[in-house]
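Chain and residue survey
One letter stands for each residue in the lines below.
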Amino acid sequence: MTIHVNDATLSFHLTNNDVSYIFRVLEKSAQLEHLYYGEAVHHRSDFSHLIEREVRPSTNRFTGDHTSSFEHIKQEYPSYGTTDFRYPAFTIEQPNGSYITDFRYDSYRIIKGKPTLSGLPHTYVEREDEAETLIITLVDDVIDVTLELSYTIYTDRAVITRHSHFINNSIATYTLSEAQSLSIDFPDDNFEMVQLNGAWAREAHVGVSPLKKGVQSVSSNRGASGHVHNPFIALKRPHTTEQTGEVYGFSLVYSGNFRAQVEVDTYDVSRVSLGINPFHFAWQLTPGDSFTTPEAVMVYSQAGLSGMSQTFHDLYRKRLARGYWRDKTRPILINNWEATYFDFDEDKILTIAKSAKDLGIELFVLDDGWFGKRNDDATSLGDWFVDHDKLPNGISALSKKVTELGMRFGLWFEPEMISHGTKLYEDHPDWLLEAPDRSPSHGRNQYVLDFSRDEVIEHIYQLMTAVIDDSEISYIKWDMNRNITEAYSRTLQPQAQGEAFHRYILGVYKLYEKLTTRYPEILFESCAGGGGRFDPGLLYYAPQTWTSDDTDAVERLKIQYGTSMVYPLSAIGSHVSQIPNHQVGRSTPLQTRAEVAYFGTFGYELDVTELTAAEKETVKKQVTFFKRYRELISHGTFHRLLSPFESNETAWMVVSHDQSEALVGYYKVLAKPNEGYKRIKLTGLDKDCLYHVAPLNKEYYGSELMAYGIILADDFTDRANEYWGREHPGDYQSHIFTLTKK
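Within an unreviewed UniProt entry, the label attached to the protein reads Alpha-galactosidase, and the organism entered is Halolactibacillus miurensis. Comment text from UniProt for the protein, heading Sequence similarities (unreviewed entry), reads "Belongs to the glycosyl hydrolase 36 family." Per UniProt, the comment on the protein under Catalytic activity (unreviewed entry) is "Hydrolysis of terminal, non-reducing alpha-D-galactose residues in alpha-D-galactosides, including galactose oligosaccharides, galactomannans and galactolipids."

**Observations regarding the packing of aromatic side chains**
All chains considered together, the criterion is met by 54 aromatic pairs. Measuring from ring centre to ring centre gives 5.3 Å for Trp 384 and Phe 413, while their planes differ by 55°; the resulting arrangement is tilted. Pair noted here: Trp 384 is in the loop between strand 22 (363-366) and helix 4 (394-404) and Phe 413 is in strand 23 (residues 408-413), with a separation of 29 residues, a long-range link. The burial state of Trp 384 is the same as that of Phe 413; both residues are buried. Residues Phe 716 and Tyr 723 carry aromatic rings whose centres are separated by 5.2 Å and whose planes lie at 80° to one another, so their mutual orientation is edge-to-face. Residue Tyr 723 is classed as partly exposed on the basis of its relative accessible area of 29%.

**Some thoughts on the side chain of Arg 374**
You can see Arg 374 is positioned in the loop between strand 22 and helix 4. In this structure, Arg 374 is in contact with Phe 342, Asp 368, Gly 369, Thr 379, Ser 380, Leu 381, Asp 387, Lys 390, Trp 412, Ser 419 and Arg 444, ignoring residues within four places of it in sequence.

**Looking at the packing of helix 10 (residues 590-597) against helix 11 (residues 613-635)**
Direction vectors running N to C along helix 10 and helix 11 enclose 20°, while the axes themselves pass 11 Å from each other. Here helix 10 lies roughly parallel to helix 11, going by the angle between them. Remark: the crossing between helix 10 and helix 11 carries right-handed chirality. Between helix 10 and helix 11, the contacting residues are Leu 590, Gln 591 and Ala 594 on the first element and Glu 615, Thr 618, Val 619 and Gln 622 on the second. Its residues assigned to classes, the contact of helix 10 with helix 11 shows 3 nonpolar, 3 polar and 1 charged.

**A short note on the UniProt feature "binding site: substrate" (unreviewed entry) in the protein**
Under the UniProt annotation, "binding site: substrate" (unreviewed entry) lies at Trp 200, Asp 367, Asp 368, Arg 444, Lys 477, Trp 478, Asp 479, Met 480, Asn 481, Cys 527 and Asp 549. Dropping the residues within four chain positions of it, Asp 367 is found in contact with Asn 335, Asn 336, Trp 337, Trp 412 and Lys 477. Within the structure, Asp 367 has its side chain in polar contact with the side chain of Asn 335 (distance 2.9 Å). A relative accessible area of 5% places Lys 477 in the buried class. Of note is the side chain of Lys 477, whose polar atom sits 3.4 Å from the side chain of Asp 367.

**A look at the sheet that holds strand 34 (residues 661-668)**
Spatial ordering of the open sheet is given by 32-33-34-39-36-37, a layout of 6 strands whose pairing is antiparallel. Each having just a single partner strand, strand 32 (637-642) and strand 37 (698-701) make up the two edges of the open sheet. For this sheet, the mean angle separating the axes of adjacent strands, direction not counted, is 25°. Contacts from helix 10 reach strand 33 (649-655), strand 34 and strand 39 (733-741) within the one sheet, and its direction differs from that of strand 39 by about 50°.

**Things to note about the pattern of salt bridges**
Tallied over the entire structure, the rule returns 60 salt bridges. In this structure, Asp 454 and Lys 510 form a salt bridge, with 2.8 Å as the shortest nitrogen-oxygen distance. With a gap of 56 residues between them, Asp 454 in helix 6 (residues 454-469) and Lys 510 in helix 7 (residues 500-518) connect regions that are remote in the sequence. Classification of Asp 454 by relative accessible area gives partly exposed; the value is 46%. Lys 510 sits in the partly exposed class, given a relative accessible area of 40%. What you see here is one network of salt bridges that share partners, running through Glu 126, Arg 127, Asp 129, Glu 130, Arg 319, Arg 326 and Asp 327.

**Observations regarding a nonpolar patch on the surface**
There is a patch of nonpolar side chains on the surface, built from Tyr 80, Tyr 99 and Ile 100 and spanning about 290 Å² of accessible area. Relative to the helices and strands, Ile 100 resides in the loop between strand 5 (90-93) and strand 6 (104-112).

**Observations regarding the nonpolar core**
Membership of the largest hydrophobic core comes to 181 residues, with the highest contact counts inside it found for Phe 250, Leu 366 and Trp 370. It is helix 7 that contributes the most residues to this core, 8 residues altogether. Among all residues touching Trp 370, those that are not within four sequence positions of it are Phe 344, Trp 384, Phe 385, Val 386, Asp 387, Leu 391, Ile 395, Leu 411, Trp 412, Phe 413 and Val 467. Counting residues in each nonpolar core, the second largest holds 18 residues, with Leu 641, Val 655, Val 693 and Ile 710 among its members.

**Brief notes about helix 11**
For helix 11, spanning 23 residues, the distance from its first C-alpha to its last is 34 Å, which sits close to the expected 33 Å at 1.5 Å a residue. Largest kink in helix 11: about 55°, centred on Tyr 629. Every buried residue of helix 11 is listed here: Val 619, Gln 622, Val 623, Phe 626, Tyr 629, Arg 630, Leu 632, Ile 633, Ser 634 and His 635.

**So, the UniProt feature "active site" (unreviewed entry) in the protein**
UniProt feature "active site" (unreviewed entry): in the numbering of this structure it lies at Asp 479 and Asp 549. Look at the named residues: they lie 71 residues apart in sequence, but the longest C-alpha span between them is just 11.2 Å, so in the fold they bunch up. Its location among the elements puts Asp 479 in the loop between strand 26 (475-478) and helix 7. With near-sequence residues (within four places) excluded, Asp 479 lies in contact with Trp 412, Phe 413, Glu 414, Pro 415, Glu 416, Cys 527, Ala 528 and Gly 529. In this structure the side chain of Asp 479 is engaged in a polar contact, spanning 3.1 Å, whose partner is the side chain of Trp 412. Along the chain, Asp 549 turns up in the loop between strand 28 (544-546) and helix 9 (553-563). With residues up to four places along the chain from it excluded, the contact list for Asp 549 reads Trp 200, Glu 203, Glu 338, Gly 529, Gly 530 and Gln 583.

Thresholds applied
- Residues numbered from 1 in each chain as written.
- Predicted model: local features only at pLDDT ≥ 70, side-chain atom pairs only at ≥ 80, totals over all residues.
- Heavy atoms only, no water.
- UniProt positions renumbered as here; feature names shortened; annotations may be inferred.
- Phe/Tyr/Trp six-rings, centres within 6.5 Å; stacked < 30°, edge-to-face > 60°.
- Helix = DSSP H or I, 4+ residues; strand = E, 2+ residues; numbered from the N terminus.
- Buried < 20%, exposed > 50% of the residue type's maximum accessible area, 1.4 Å probe, protein only.
- Contact = heavy atoms within 4.5 Å.
- Axes fitted to C-alpha atoms, helices over the stretch in contact; angles between N-to-C directions.
- Parallel < 35°, antiparallel > 145°, perpendicular 65-115°, else oblique.
- Left-handed = near helix turned anticlockwise from the far one by under 90°.
- Nonpolar A, V, L, I, M, F, W, Y, C, P; charged D, E, K, R; others polar.
- Polar contact = N/O pair within 3.5 Å; in protein donor to acceptor, adjacent residues only side chain to side chain.
- Pairing = 2+ DSSP bridges.
- Salt bridge = Lys/Arg side-chain N within 4 Å of Asp/Glu carboxyl O.
- Patch = residues over 30% accessible without salt bridge, like charges linked within 9 Å, V, L, I, M, F, W, Y side chains within 5 Å.
- Areas by Shrake-Rupley, 256 points an atom, 1.4 Å probe, with all protein chains shown as cover.
- Core = buried A, V, L, I, M, F, W, Y, C linked by side-chain atoms within 4.5 Å.
- Expected span 1.5 Å × (residues − 1).
- Bend = angle between axes of the 7 residues up to and from the residue.

What follows is the structure, given as structure tokens:
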């Protein structure tokens, strides 16, 4: 049993071997008081010793009770107006103009396993004994609305998931103008906040800052989770490192506007909230209607940031991603984008595919430009029928020819967008998201379809399935290259326009669900101008994401390092690309490009027909190497060792679950003269096991590798002439070490 209820005191304890979460029902107000979240503690019949009360100058809830101020009580799901002046978890606007609510405890129930969330992505279980779910029911009798707070604790993971469910039982219509997925009050502010920030081509940079009095947050109001911030934050103790110390991680399973916020009050209490961004959110809760918030995932770690990440990785790889490709190793692909852009024909594509097949590559992906009259980015989106000038025999024939080579075939779509001048636009100019009587903004010369409308989704679904059904397609890259600006839907009433953002992303999920249900063996990869929608919501439908349009190996060190804070390597799309790099103009060695890209799904994005004979032999070896280790990379335990945000060097490693083998990546960006000696201390190994380390061709015990590490300097004792005669690799160096248990 992972959920304990003390019925006499109405206290609730969610616990397993790793974590405890405790709250109770307040005696007078029947609201919920948070007591503890952290390292697992023993269950007790009474947790009243955790209650903290002092008389303070404050506004109190009850006459004669000077300790009933909600400003000084840690809460589970706080509301506005009844003596708590901090940010609430929800707000319900009522017809009389009031925002005041009073949700009181009504009942609880415990469910074995984990219920599904209809229409929303969510983590899941495959057996009832994997988790237990506690649902607390609260009722506001004045407005006749029910609030259900759901808590799921996994049996063998330091994971608790939360979401909220509002039910309008009345005859009135209310406006839900804020509805967070979780709120939690920590008793102190001795934390640093970790977040992932960036922009297009530099996503997922790690930011760390100490908490301070007031509010600090990360968010998106772009209609997507966005390049700028990821729907994730963590609170870590100041002394916490990658491998040691306490961390609380918070991740939202959602792909639209979000907000992750920490508010530190004047008494050092830190309130964390996570959910849909209240910016331009206003959901009409009509009589009999209900609203469910997205799922929030809470992870607790005593083993540092890597420990937190490994818990997220395991959960998202095994109990968020679904279907045929969840546990399978992914094919090595080649994408033609940087090789050809829009300039290709069938002969050119087949020539690249044949060369790729000879190198051992397994999947050819035809990117943008195959449809309508798409010779640049100003046209054709929405006209999902083949350009017969480029491909006279169509996608059907091309896909079959590629398949006959012994490769899989993949295709690029951007289903959510439309271009002016297309047949789709001529037939349905009212299908755009745009404000009445105003000129819509464009991004990349394209506009956004109104995915809050079922008829739009169905039409795009029919266009896509017509192409897919007629072809041999094993992979689809779903792109989304601009954010939402004028979030206005013609089919929503004026008072319901605050629903447009959320209804849009629900429409995206609906189309994904229809396609993945119809084509369960197609591998979907999500993309939004790279990592603009790299979030847990889309991993539920597409088990891998194109991490960034920036394919430069040096920049990818930071991007992939940051992304790994939350997301498993099996989800990280990573390619070897052209040089000079098309985003930053940098030329890096082919070896380095591959040795960065190995730690992801791996593929190529270049014209392999232009490679020299020597380069082709190198690619063959890289492909062979990745095939040998991709099971380890996809399913092993990932550890970050050296941060690219802190030095000129980066290192990481992945270890098999039985600790029998490991792969270590080490990268040095700039060469430096006359440096000191360098070592990489490893982690996660069997300390008593003897490992063979290649290419050093030496043997070390796990204890040695973790205590003093891999020594990077060669031993040139009595070999000075050899030292001066060696070839110096220069900038952008990389090394891969393989460890095999003896």
